[in-house]
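Understanding the architecture of this molecule
Letter by letter, the chains look like this.
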Amino acid sequence: MALTATRRTGLVDQVIEQMRQAIRAGDWAVDERIPPEPELVSVLGVGRNTVREAVRALAHAGLLEVRQGDGTFVRATSEISGALRRVCGTELREVRQVRFLLEVEAARLAAAHRTDADVATLAATLAERDTAVADERWADAVDADARFHQEVVGCAGNSLLTELYLGMTEVIRASLAATAGHADPAWRIGHGDLLTAIRDRNPDRAAREAGRFLAEYVS
């Protein structure tokens, strides 16, 4: 997404929205440094004070983090995610407890509402995940695993549930990255049974399989 010069009304709000959209679209990835202030001033066609105010607002919302001497970095992709990172960081047990609550019911709904296209997408993403694990490409495995679970939630057909789950994107990815590798045998087990349950439209089995990997961490 290319940034464009703003109109002369509500400049700060316009800059905030453009920067927020760049973050949500992935143009500025989490933990990536955003363009320096002079570049933003030039591209957006506004003054330094406007850019600084927008950055302050997004930092307050948890989307950006200003690191003195290093620049400004993306902290989260949404206000929900930013708030979650402030509250629980990457504490594995808490993240898994919340994932358990959301993903079990999401899997149940996904089995009831999925389409054939959904199943094809899930199968392709799971194949990416399993291949990456087999090749020990852990960064790729984390990415594909996170996408697989997001897609399962998306299949549930509940927009609020999807938005809540997407708000956890960064903390979920951080928790996955913390366990990726030989130390956690769950990475070798995979999610084939969950995919089968969703494909077969078996809500109870889908819920059971979704919770199986996380149950030991939530007690």
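The text that follows walks through the structure, step by step, so that each part is easy to find. (Residues numbered from 1 in each chain as written. Predicted model: local features only at pLDDT ≥ 70, side-chain atom pairs only at ≥ 80, totals over all residues. Heavy atoms only, no water.)

A short note on empty space enclosed by the protein
Taken as a whole and judged by the stated rule, the model has one cavity of 30 Å³ or more. Estimated volume of the largest cavity: approximately 280 Å³. Forming the boundary of the largest cavity are 21 residues, of which Arg99, Leu176, His191, Phe213 and Leu214 lie nearest the centre. Breaking the lining of the largest cavity down by element, the ones donating at least two residues are helix 5 (92-113), helix 7 (138-155), helix 9 (169-179), helix 10 (186-189) and helix 12 (203-212). With four residues, helix 5 is the largest single contributor of residues to the lining of the largest cavity. Residues that form the lining of the largest cavity fall into these classes: ten nonpolar, four polar and seven charged. (1 Å grid on protein atoms, 1.4 Å probe; cavity = no way out; pocket = protein on both sides within 12 Å on 5 of 7 lines; lining within 4 Å. Points joined across faces, edges and corners; volume = space filled by probe spheres on them. Helix = DSSP H or I, 4+ residues; strand = E, 2+ residues; numbered from the N terminus. Nonpolar A, V, L, I, M, F, W, Y, C, P; charged D, E, K, R; others polar.)

Digging into the packing of helix 11 (residues 192-199) against helix 12
Between helix 11 and helix 12, the least distance of the axes is 8 Å, while the angle of their chain directions is 160°. Classed by the angle they form, the pair helix 11 and helix 12 counts as roughly antiparallel. As for the relative orientation of helix 11 and helix 12, their crossing is left-handed in sense. In this structure, helix 11 contributes Asp193, Leu194, Thr196, Ala197 and Ile198 to the contact, and helix 12 contributes Arg205, Ala206, Glu209, Ala210 and Arg212. Considering only residue class, the contact of helix 11 with helix 12 consists of five nonpolar, one polar and four charged. (Axes fitted to C-alpha atoms, helices over the stretch in contact; angles between N-to-C directions. Parallel < 35°, antiparallel > 145°, perpendicular 65-115°, else oblique. Left-handed = near helix turned anticlockwise from the far one by under 90°. Contact = heavy atoms within 4.5 Å.)

A look at the environment of Asp130
Considering the arrangement of structural elements, one finds Asp130 in helix 6 (residues 116-134). Assessed through its relative accessible area of 32%, Asp130 is described here as partly exposed. (Buried < 20%, exposed > 50% of the residue type's maximum accessible area, 1.4 Å probe, protein only.)

Regarding the nonpolar core
Core analysis: the biggest nonpolar cluster contains 21 residues, and Met19, Trp28, Ile34, Leu40, Val51 and Leu64 have the highest contact counts within it. Of all elements in the fold, only helix 1 (11-24), helix 2 (37-44) and helix 3 (48-60) reach the threshold of two or more residues within this core. Sorting elements by how many residues they give to this core places helix 1 first, with seven residues. Leave out the neighbours within four places in its chain, and Ile34 touches Met19, Trp28, Leu40, Leu64, Thr72 and Val74. Ranked by size, the runner-up nonpolar core spans 18 residues in total, among them Ala141, Ala146, Val153 and Leu161. (Core = buried A, V, L, I, M, F, W, Y, C linked by side-chain atoms within 4.5 Å.)

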